[in-house]
Amino acid sequence: SSLSLASTRLQGYAQHTWRLDSLRTLTYGVRVHQWSVNGQTLISPRVQYAFTSARNPRVAWKAAAGLYGQPPFYRELRAQAGAPQDQQGVLNPELRAQRSYHLIVGQERQFQIRSRPFRFTGEAYYKYLTDVVPYDVDNVRLRYFARNSARAYAAGLDTRISGEFVPGVESWFSLGLLTTRENLAGDSLSVFDADGQLIRRESKGYIRRPSDQRVTFGAFFQDQLPGNPSVKGYVNFVFGTGLPFSPPALPELRGTSRLTRPYRRVDLGFSKVVSLPTDTPARRRPARLESLWLGLEILNVLGADNLAGYSYIQDLNARTYAVPNFLTRRLVNLRVIARF
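Reading the values: rules and limits
- Residues numbered from 1 in each chain as written.
- Predicted model: local features only at pLDDT ≥ 70, side-chain atom pairs only at ≥ 80, totals over all residues.
- Heavy atoms only, no water.
- 1 Å grid on protein atoms, 1.4 Å probe; cavity = no way out; pocket = protein on both sides within 12 Å on 5 of 7 lines; lining within 4 Å.
- Points joined across faces, edges and corners; volume = space filled by probe spheres on them.
- Helix = DSSP H or I, 4+ residues; strand = E, 2+ residues; numbered from the N terminus.
- Nonpolar A, V, L, I, M, F, W, Y, C, P; charged D, E, K, R; others polar.
- Patch = residues over 30% accessible without salt bridge, like charges linked within 9 Å, V, L, I, M, F, W, Y side chains within 5 Å.
- Areas by Shrake-Rupley, 256 points an atom, 1.4 Å probe, with all protein chains shown as cover.
- Salt bridge = Lys/Arg side-chain N within 4 Å of Asp/Glu carboxyl O.
- Buried < 20%, exposed > 50% of the residue type's maximum accessible area, 1.4 Å probe, protein only.

Draft legend 1. A look at the layout of surface pockets. Roughly 490 Å³ of volume is contained in the largest pocket. Together, 30 residues line the largest pocket, and Val137, Leu243, Pro244, Phe245 and Thr260 are the ones closest to its centre. Elements with a contribution of two residues or more to the lining of the largest pocket: strand S7 (135-138), strand S13 (206-208) and strand S18 (307-314). Per-element tally for the lining of the largest pocket: the top contributor is S18, with five residues. Within the lining of the largest pocket, the residues separate by chemical class into 16 nonpolar, nine polar and five charged. Within this model, the second largest pocket holds a volume of roughly 400 Å³. As for the second largest pocket, its lining consists of 21 residues, of which Gln70, Gln98, Ser100, Leu129 and Arg209 are closest to the centre. Elements represented by at least two residues in the lining of the second largest pocket include exactly strand S4 (59-70), strand S5 (98-113), strand S6 (116-132), strand S8 (141-144) and strand S10 (169-184). Considering only residue class, the lining of the second largest pocket consists of nine nonpolar, eight polar and four charged.

Below is the structure:
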């Protein structure tokens, strides 16, 4: 096929911050977007109220709400050939922007442990989505339906604590909880009796979205050589529960409860900073070199088999098999940064 698209986008925003007093702040604004392809004009207002506790100035709260519009891009306009719902690889110039109603509540708290600074941040959010453009994941490719045919929601909690667990270097731990589901118009599920006869077809209702990763955890811990802070090391750990998946060309199986295996990765890193005295005569310093940073990283040191996605194949009996594709098992990275 031969496809072409010419478009013009006009966008702008205005924002104002009103300081009610030394502890309270109100920020509000609006963003406007107009696209020539579908002729849609988006007006997205938002507001945020933040205040610091008078009893404890180290504790701050914020609450935010808004209406957000996400204009489509070319890939969302293009219905992928071979995907469900009779998509034939044509453009849908009438596709509307996806909309999201946001509500976020967060807290930031500063405290000390053994006279060392620490910070806790946490946010709870809920988003109601309309005019959603559903998509499937085929290996690492996103296959859009090119239609505003779903409603969805997302709710979750993000927390993070950071500070000097080791004096002089910052480390952090994070935890995220998420659930996101969508209700696709016109989808259905076949119900069979004990003899394998079709009884009825019923709506699936809300099903898990491809991005529904329930739990994510991260830890980044740094340390330095006693008596020589120019030599540092770190350990980075990432864990995430599995994502739902299903063959993209079989609408009946879309939104099944099958999950990929959890994602887990451990990285190790070491660095050394070589500082050159600035009072050394320029003729004795190589190319006026001020400092040299050497870093050695071993990514995925445990060699975990983390999934990048699945390729789907069918046999002569129309049975579909998911063939896993894996990310790089282990990678050694050497970096050198010179400052002149």
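Draft legend 2. Broad picture of a nonpolar patch on the surface. Side chains of Phe270, Val274, Leu294, Leu296, Val332, Leu334 and Val336 sit close together on the surface and give an oily, nonpolar patch of about 630 Å² of accessible area. If you list the elements that add at least two residues to the nonpolar patch, you get strand S16 (263-275), strand S17 (291-299) and strand S20 (331-339). The greatest single-element share of the nonpolar patch, amounting to three residues, is contributed by S20. Along the chain, leucine 294 turns up in strand S17. With a relative accessible area of 35%, leucine 294 lands in the partly exposed category.

Draft legend 3. Fine view of the pattern of salt bridges. In total, this model carries 14 salt bridges according to the counting rule given. In this structure, the salt-bridge partner of arginine 119 is glutamate 108, at a minimum N-O distance of 3.8 Å. Within this pair, whereas arginine 119 is found in strand S6, its partner glutamate 108 is found in strand S5, the two being separated by eleven residues in sequence. Classification of glutamate 108 by relative accessible area gives partly exposed; the value is 30%. The residue arginine 209 makes a salt bridge to glutamate 182 at a minimum N-O spacing of 3.2 Å. Pair noted here: arginine 209 is in the loop between S13 and strand S14 (215-225) and glutamate 182 is in strand S10, with a separation of 27 residues, a long-range link.

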